[in-house]
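Fold and geometry: a report
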Amino acid sequence: MIPFLDLKAINAQYRSELVEACTRVIDSGWYICGSELDQFETNFAKYCGTKYAIGVANGLDALILTLRAWKELGKLKEGDEVIVPSNTYIASILAITANNLEPILVEPNINSFNIDPNNIKDAITDKTRAILPVHLYGQLADMPAIMQIAKDNNLLVLEDSAQAHGASYDSKMAGNWGDASAFSFYPGKNLGALGDAGAITTNDDELAKTLRALRNYGSHEKYKNLFSGVNSRLDEIQAAMLNIKLPHLDEEVICRRKVAEAYLDGINNSAIILPTVENESSHVWHVFVVRCKQRDSLQNYLANNGVQTLIHYPIPPHKQQAYHEWNDQSYPISEKIHAEVLSLPIGPTLSMSDVKKIIRIVNNFDFNV
Ligand SMILES: *Cc1c(COP(=O)(O)O)cnc(C)c1O
């Protein structure tokens, strides 16, 4: 079976350095908020081109705490509307409802899978305060258009960059477009820790200060609490793993682009719609998503031929039990996407011979059988 993603092989590339870094942390006797985290925050901010990066426990917390910080700073209040794509991973929406803010679901462009700026304009009301675009599947949302809309309407922008580490447009990185950006370093993300981890990037001094306090019980100084914060810190061990892996991120993106290019050149089957790329540097191919009307039979066929695939995502957020109050609403583009998408194997260690094999198998899929 060709696996969808071989995490073991990805981390094996750096095994000796990872073990050495782990040993260093173990022997240091300092496990929380130490020099590994400081170093990673500096390195990651530099990578994204931002003034700050603030490590937190995971990507969901990065989103939740940023909205929370804006509430503490008086920029958002309960009931304010936040525009978010209707076809995102549910975490983007959970962060909004966790803060008692109102998610306004907006349909994507079916070709880019990313939120459609024209639909954002139509969704703005006098209660809209923020836009939460998601760089879905590794491709930057249309940030020039989104930032213009935000400027014209005085809205905050929180990028969900959990799938887009290293994507850029006009030399501006994911993480440096909005007022703040949330990253996840979940092991399967393009930059993955060996456990949970996340970060927020921003150029805003006040926001960075507030986030540093919020992640640490609301404390900016030991035993003094400015806010009723939470415990959401990025462990030294995970920061150390990320310090080893960050310098290799760009090489890994190049490997992913090679796989994507081979698929785009090689897959030729009338039953399958290939993803579109707006701009080469704007896509880091977190996943390679095709559309197929006979998606389930394509997935079964590939499994029977030794190719593991995944669906990102089978159920749209508004059809989830968690949001049962929205179950009757209709978002036809999102529903079509969720019914038709299939993610083929892609990753920095996937061999070109496996890619060729996958292309041959995909091209032999006969949807009439
Ligand atoms: C993974 C992901 C998250 C959440 O990250 P965790 O670290 O798993 O909490 C948020 N948004 C998107 C788009 C994601 O893909």
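In this report, the structure presented in the accompanying data block is examined. Not measured: the values here are computed from a predicted model.

**A short note on the pairing of strand β8 (residues 180-184)**
Buried residues dominate β8, accounting for five of its five residues. Burial of the side chains of β8 extends over both faces: Ala180, Ala182 and Ser184 are buried on one face and Ser181 and Phe183 on the other. Alignment of strand β5 (residues 156-160) against β8, held across three bridges, turns out to be parallel. Within β8, the residue paired with Leu158 across the bridge is Ala180. As paired elements, β8 and strand β9 (residues 198-202) share four bridges and run antiparallel to each other. Looking at β9, one finds that Phe183 is bridged to Ala199.

**Notes on the sheet that holds strand β14 (residues 341-344)**
The antiparallel open sheet is built from three strands, whose spatial order is β12-β13-β14. The sheet is open, and its two borders are formed by β12 (272-273) and β14, each paired with just one other strand. As defined by bridge partners, β12 adjoins strand β13 (residues 288-292) across two bridges and the pair is classed as antiparallel. The residue of β13 that forms the bridge with Ile273 is Arg291. The sheet contacts of helix α11 (residues 295-304) involve β12, β13 and β14, and relative to β14 the element is tilted by about 25 degrees. Most of the contacts of helix α12 (residues 332-340) go to β14, to which it runs at about 45 degrees, and overall it touches β13 and β14.

**Structural notes on a nonpolar patch on the surface**
On the surface, Ile26, Tyr31 and Ile32 cluster together to form a nonpolar patch covering roughly 280 Å² of accessible area. You can see Tyr31 is positioned in the loop between α2 (15-28) and α3 (35-48).

**Considering the side chain of Glu236**
Tracing the backbone shows Glu236 in helix α9 (residues 236-245). Although Glu236 is buried, it makes no salt bridge; Arg24 carries the closest opposite charge, 8.3 Å away. Here the side chain of Glu236 touches Glu36 through a polar contact of 3.0 Å, landing on its backbone nitrogen. Non-local contacts of Glu236, meaning those with residues more than four positions away in its chain, are made with Val25, Trp30, Tyr31, Ile32, Cys33, Gly34, Ser35, Glu36 and Leu37.

**Some details on the site of the ligand**
Surveying the vicinity of the ligand reveals the residues Asn58, Gly59, Leu60, Tyr89, Ala91, Val134, Asp160, Ala162, Gln163, Ser184 and Lys189. The contact in question runs from an oxygen atom of the ligand to an N or O atom on the side chain of Ser184, over 2.6 Å. Measuring from an oxygen atom of the ligand, one finds a side-chain N or O atom of Lys189 at 3.1 Å. Burial of the ligand by the protein chains amounts to 90% of its free accessible area of 380 Å². More than half of the atoms belonging to the ligand lie within 2 Å of the grid points that define the largest pocket. Among the residues forming the shell around the ligand, the class breakdown is five nonpolar, four polar and two charged.

**As for the nonpolar core**
By size, the foremost hydrophobic cluster in this structure holds 69 residues, and its most contacted members are Leu67, Leu132, Tyr263 and Leu302. When sequence neighbours within four positions are dropped, the list of residues in contact with Leu132 reads Leu63, Leu67, Val82, Ile83, Val84, Pro85, Ser92, Ile96, Leu158 and Asp160. The next biggest cluster of nonpolar side chains, apart from the first, holds 39 residues, and it includes Leu37, Phe40, Met143 and Ala197.

**What to know about the sheet that holds strand β2 (residues 81-85)**
Spatially, seven strands are ordered β1-β9-β8-β5-β4-β2-β3 in an open sheet, and the strand pairing comes out mixed. Only two strands of the sheet have a single partner each, and these edge strands are β1 (52-56) and β3 (102-106). Taken over all neighbouring pairs, the strand axes of this sheet differ in orientation by 25 degrees on average, direction set aside. Sheet analysis places β1 next to β9, joined by five bridges and oriented antiparallel. Looking at the pairing, Tyr52 lines up with Thr202 of β9. Against the sheet, helix α8 (residues 205-214) contacts β1, β8 and β9, and its axis sits at roughly 20 degrees relative to β1.

**Focus on the pairing of β13**
Taken across its five residues, β13 has five buried, putting it largely inside the fold. Here β13 shows two buried faces, one formed by Phe288, Val290 and Cys292 and the other by Val289 and Arg291. Both β13 and β14 contribute to a ladder of four bridges, which runs antiparallel. Residue Arg291 lies in a different strand from β14, and its bridge partner there is Val341.

**Structural notes on helix α4 (residues 59-72)**
Between its first and last C-alpha, α4 extends 20 Å over 14 residues, near the 20 Å set by a 1.5 Å rise per residue. For α4, the tally of buried residues reaches ten of 14 residues, placing the bulk of the element in the interior. Gly59, Asp61, Ala62, Leu63, Leu65, Thr66, Leu67, Arg68, Ala69 and Trp70 are the residues of α4 that are buried. On the buried face of α4, the contacting elements are β1, α5 (91-98), β5, β8, β9 and α8. If you check the start of α4, you find a side-chain oxygen 3.1 Å away from the backbone N of Leu60, and it comes from Asn58. Positioned one or two residues after α4, Gly74 has a phi angle of 80 degrees, which is positive.

**Notes on the layout of surface pockets**
Considered as a void within the structure, the largest pocket measures approximately 600 Å³ in volume. Put simply, the parts of the chain that give the lining of the largest pocket at least two residues each are α4, α5 and β8. Considering only residue class, the lining of the largest pocket consists of 17 nonpolar, nine polar and four charged.

Rules behind the numbers
- Residues numbered from 1 in each chain as written.
- Predicted model: local features only at pLDDT ≥ 70, side-chain atom pairs only at ≥ 80, totals over all residues.
- Heavy atoms only, no water.
- Buried < 20%, exposed > 50% of the residue type's maximum accessible area, 1.4 Å probe, protein only.
- Helix = DSSP H or I, 4+ residues; strand = E, 2+ residues; numbered from the N terminus.
- Pairing = 2+ DSSP bridges.
- Contact = heavy atoms within 4.5 Å.
- Axes fitted to C-alpha atoms, helices over the stretch in contact; angles between N-to-C directions.
- Patch = residues over 30% accessible without salt bridge, like charges linked within 9 Å, V, L, I, M, F, W, Y side chains within 5 Å.
- Areas by Shrake-Rupley, 256 points an atom, 1.4 Å probe, with all protein chains shown as cover.
- Salt bridge = Lys/Arg side-chain N within 4 Å of Asp/Glu carboxyl O.
- Lys, Arg positive; Asp, Glu negative; His and termini not counted.
- Polar contact = N/O pair within 3.5 Å; in protein donor to acceptor, adjacent residues only side chain to side chain.
- Near = heavy atom within 4 Å.
- 1 Å grid on protein atoms, 1.4 Å probe; cavity = no way out; pocket = protein on both sides within 12 Å on 5 of 7 lines; lining within 4 Å.
- Sits in = over half its atoms within 2 Å of the grid points.
- Nonpolar A, V, L, I, M, F, W, Y, C, P; charged D, E, K, R; others polar.
- Core = buried A, V, L, I, M, F, W, Y, C linked by side-chain atoms within 4.5 Å.
- Expected span 1.5 Å × (residues − 1).
- Points joined across faces, edges and corners; volume = space filled by probe spheres on them.

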